[in-house]
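One-letter residues, chain by chain:
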Amino acid sequence: MSEEPDTDLISVGVCQIGAESDWRVANSESIKGTFTEENGYQLYFEDAQQKQENQFRAIRRFIQQQVDYIVLMPITETGWESVLQEAREAGIPVILVDRMVDVEDETLYATHIGSDFLQEGRTAMDWLEQRTPEGKPLSIMHIRGTMDSSAQQGRSDALEEALGRHPDWTLLTRLDGDFTQAKAYEVVNEFLAGQPEPVPIDVVYCENDNEAFGTIQALEENGYPCGPEGVTVISFDATTSGLELCAQGKIALEVECNPLLGPLVEQAIRTLEQGGTLPRQQYVEEKTFTPSQVTESLLAGRTY
Ligand code: AHR
């Protein structure tokens, strides 16, 4: 990629969080497959390796390069005011993708395209409420995603709401999995190793599929089988690997989180190019899957 934007092409600087999950990899591929030279774009793609300061640096580089648009997947919600202000002073619209930012001045970004994470969590909790007899005690293990990220906050808030409605549901422990398989495996193992006796675990609420993969492995290695006769695992994303585990019964509920956002981001840029206006918020449609709903054709059509 050259350093100077090609004036015949629309230049887009994309500031991705990293590659912590299968979801994230699919999201990056969707962006790269959309913003090609054949489609009229010059793409500058930066992987921030899970660090907000790398995201700040990338945005400042894009400003120096005078790109036409900045696409930002913000790792956390807080801390964005100054750098977004700098982009605005440079006259570069910023499109937020996937997660949100917590800023007082909403005009610091052109639009947000992504998931309603609180709704995803509420959908999971509705499902759990419907299948749990009134008054039945549940012991719940919670594996959180990256702290202060919208995906973590929305999904965690939904669990907190449900715990508040059900005095018989108890939170066994809350562990930080950082949306990765390795971290979830490590923290669940550590937790179980610290228990003098086997603990009751009815439900594990994992905030993404990669956490579910690490958690299931750690639970099963420690004598806690996952499935209809064992621990009920709830997960988010519905990646191919997640759906395969769901078909096997090891994941009881998959709440979809759609990473294929490239075409929607392009549509937003086309609208701005034509002088149009964008809604502040664009949520994508998402489904849920239980084991009997994972079919061969669903898996065959899944690209991530
Ligand atoms: O922000 C989206 C979340 O981040 C996805 O659920 C997860 O897999 C990713 O890392």
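The chain has the name Sugar-binding domain protein in an unreviewed UniProt entry, where Subdoligranulum variabile DSM 15176 is given as its organism. According to the UniProt record, the Sequence similarities (unreviewed entry) comment for the chain reads "Belongs to the bacterial solute-binding protein 2 family."

(A) Spotlight on the packing of helix H7 (residues 209–221) against helix H8 (residues 240–247). H8 packs onto H7 with a crossing angle of 45° between their chain directions and a minimal axis gap of 9 Å. Accordingly, the angle class assigned to the pair H7 and H8 is oblique. For the crossing formed where H7 meets H8, the hand is left-handed. Facing Asp209, Ala212, Phe213 and Ile216 of H7, the residues of H8 in contact are Ser241, Gly242 and Leu245. Grouping the amino acids of the contact of H7 with H8 by side-chain chemistry returns four nonpolar, two polar and one charged.

(B) Geometry of the site of the ligand. Neighbouring the ligand are the residues Glu20, Ser21, Trp23, Arg24, Asp98, Arg99, Ala151, Phe179, Asn208, Phe236, Asp237 and Cys257. When its residues are assigned to classes, the shell around the ligand shows five nonpolar, two polar and five charged. Formed jointly, the shell around the ligand draws a minimum of three residues from each of two domains, domain 1 (10–115 + 258–273) and domain 2 (117–257 + 291–301).

(C) Broad picture of the environment of Ser149. Mapped onto the secondary structure, Ser149 falls in the loop between strand E6 (138–144) and helix H5 (150–165). Note on Ser149: 24 C-beta atoms within 10 Å, which makes it buried. Sequence-wise, Ser149 and Thr78 are 71 residues apart; in three dimensions their C-alpha atoms are separated by 8.5 Å. Aside from chain neighbours lying at most four places away, what touches Ser149 is Ile75, Thr76, Glu77 and Arg99.

(D) Expanded view of the domain arrangement of the chain. The domain architecture assigned to the chain consists of domain 1 (10–115 + 258–273) and domain 2 (117–257 + 291–301). For domain 1 versus domain 2, the separation of C-alpha centres amounts to 29 Å. Across the side of domain 1 that touches domain 2, the residue classes break down as three nonpolar, five polar and four charged.

(E) Spatial organisation of the nonpolar core. Core analysis: the biggest nonpolar cluster contains 45 residues, and Val204, Tyr205, Cys206, Val233 and Ile234 have the highest contact counts within it. Among the elements that take part in this core, H7 stands out by supplying five residues, more than any other. Those residues in contact with Val233 that lie beyond four places of it in its chain are Val204, Cys206, Ala212, Ile216, Cys226, Lys250, Ile251 and Ala252. Judged by nonpolar contacts, the second largest core, of 38 residues, contains Val12, Ala58, Tyr69 and Tyr109.

(F) Representation of the sheet that holds strand E7 (residues 169–176) within the structure. Spatially, six strands are ordered E7-E6-E8-E9-E10-E12 in an open sheet, and the strand pairing comes out mixed. Each edge of the open sheet is held by one strand with a lone partner, namely E7 and strand E12 (288–289). With four bridges connecting them, strand E9 (residues 232–237) and strand E10 (residues 253–256) associate as parallel partners. The residue of E10 that forms the bridge with Asp237 is Glu256. Sitting on the sheet, H7 touches E6, strand E8 (203–206) and E9, and the angle it makes with E9 is about 150°.

What counts, and where the lines are drawn
Residues numbered from 1 in each chain as written. Predicted model: local features only at pLDDT ≥ 70, side-chain atom pairs only at ≥ 80, totals over all residues. UniProt positions renumbered as here; feature names shortened; annotations may be inferred. Axes fitted to C-alpha atoms, helices over the stretch in contact; angles between N-to-C directions. Helix = DSSP H or I, 4+ residues; strand = E, 2+ residues; numbered from the N terminus. Parallel < 35°, antiparallel > 145°, perpendicular 65-115°, else oblique. Left-handed = near helix turned anticlockwise from the far one by under 90°. Contact = placed C-beta atoms within 7 Å. Nonpolar A, V, L, I, M, F, W, Y, C, P; charged D, E, K, R; others polar. Near = placed C-beta within 6 Å. Domains from an automatic or database assignment. Buried ≥ 20, exposed ≤ 12 C-beta atoms within 10 Å, placed from the backbone. Core = buried A, V, L, I, M, F, W, Y, C linked by C-beta atoms within 7 Å. Pairing = 2+ DSSP bridges.

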